[in-house]
Amino acid sequence: YSLDHFVIPPHYTEDLESILIPHGIIMDRIERLAKLIVDDSDGPLVVCCVLKGGHQFFADLVNCIKKLNTGLGHSVPLHLDFIKVKSYTNDQSTGEVRVSLSETELKDIKGKNLLIVEDIIDTGRTMVKLLSKLREFDPKSVRVASLLLKKTPLSNGYIPDYVGFAVPDSFVVGYALDYNEYFRDLDHICVISDHGKKAYAA
Ligand code: 5GP
Ligand code: MG
Ligand code: MG
């Protein structure tokens, strides 16, 4: 979509190539994902947000599930949890994946149904590492909802249980996804421009 047709914060006008997914479409898709997740759930769900990029998707997804919970269908009690994972500098994966979660927090997941909420799966390395770490602590089940799945030849083959949108192999920002901490304050999912990459390089 052309940048001219949507509201962009003026501080980012030169830094974006195009709008890939407008905010309204993201919201509609999340409503549908929430329905799928509720239909698949049986009993309480620990919804675990992968910070920082997953926070907006997490917030909107949880809101949608809460709305479904007030309807006539079966409702799903939610526990909300947060973990922090970091693997990127500029638009390159650093290879190492840092997971910040205390032993006590990890022990709490034993016997629970987990739903991990992530912003984007690129190579899949982060999620595979995170999942193997979480499984050591004996959850009853683990599912993953990722708003985006990148179509990349570097994929390790990992596919999440719930995907919002497949995106092309470019670096995307907005809706809490960052480039060196910038662009999280942008509603739409956008492709960053060369100007943007230079302006906010680490
Ligand atoms: P992976 O380990 O799957 O290669 O990358 C996982 C993490 O890298 C994602 O959760 C996300 O935080 C970051 N990442 C990968 N691709 C992109 C992208 O296009 N844009 C942004 N902002 N982050 C990305
Ligand atoms: Mg992430
Ligand atoms: Mg990031």
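Read on for a plain summary of the structure. (Residues numbered from 1 in each chain as written. Chains lettered and ligands numbered in written order. Predicted model: local features only at pLDDT ≥ 70, side-chain atom pairs only at ≥ 80, totals over all residues. Heavy atoms only, no water.)

Another point: the site of ligand 1. Surveying the vicinity of ligand 1 reveals 17 residues, the closest of which are Thr-123, Gly-124, Thr-126, Val-172 and Asp-178. The set of elements that each furnish at least two residues to the shell around ligand 1 consists of β3 (78-89), β5 (113-121) and α4 (125-135). Among the elements that take part in the shell around ligand 1, β5 stands out by supplying 4 residues, more than any other. (Near = heavy atom within 4 Å. Helix = DSSP H or I, 4+ residues; strand = E, 2+ residues; numbered from the N terminus.)

What follows covers the pattern of salt bridges. For the structure on display, the rule yields 6 salt bridges. For Lys-35, the salt bridge goes to Asp-39, with nearest N and O atoms at 3.2 Å. Taken together, the residues Lys-35 and Asp-39, both in helix α1 (residues 23-40) and 4 residues apart, mark about one turn of the helix. Taking the relative accessible area as the measure of exposure, Lys-35 reaches 40% and is therefore partly exposed. Residues Asp-178 and Arg-184 are paired through a salt bridge, measuring 3.4 Å at the closest nitrogen-oxygen approach. By relative accessible area, which is 22% here, Asp-178 ends up partly exposed. Through salt bridges with shared partners, one network takes in Lys-52, Asp-178, Glu-181 and Arg-184. (Salt bridge = Lys/Arg side-chain N within 4 Å of Asp/Glu carboxyl O. Buried < 20%, exposed > 50% of the residue type's maximum accessible area, 1.4 Å probe, protein only.)

On to the packing of aromatic side chains. Scanning the model with the defined rule gives 7 aromatic pairs in all. Measuring from centroid to centroid gives 5.4 Å for Phe-183 and Tyr-200, while their planes differ by 85°, and the two rings are edge-to-face. Residue Phe-183 is found in the loop between β8 (172-173) and β9 (189-192), and its partner Tyr-200 is found in the segment after α5 (194-199); the two are separated by 17 residues along the sequence. Taken together, the aromatic side chains of Tyr-12, Tyr-182, Phe-183 and Tyr-200 make up a single cluster linked through ring pairs. (Phe/Tyr/Trp six-rings, centres within 6.5 Å; stacked < 30°, edge-to-face > 60°.)

To continue, consider the coordination of the magnesium ion (ligand 2). The protein atoms that coordinate the magnesium ion (ligand 2) are Glu-118 (OE) and Asp-119 (OD), at distances spanning 2.3 to 2.4 Å. With respect to burial, Glu-118 and Asp-119 carry one shared label: buried. (Donors = N, O, S within 2.8 Å, 3.2 Å for Na, K, Ca; no water.)

Spatially, β1-β9-β8 is the arrangement adopted by the 3 strands of the open sheet, whose pairing is antiparallel. Sheet topology places β1 (16-21) and β8 at the edges, where each strand pairs with a single neighbour. Note: β8 against β9, 2 bridges, orientation antiparallel. Each bridged residue has a counterpart across the sheet, and for Val-172 the counterpart in β9 is Val-191. (Pairing = 2+ DSSP bridges.)

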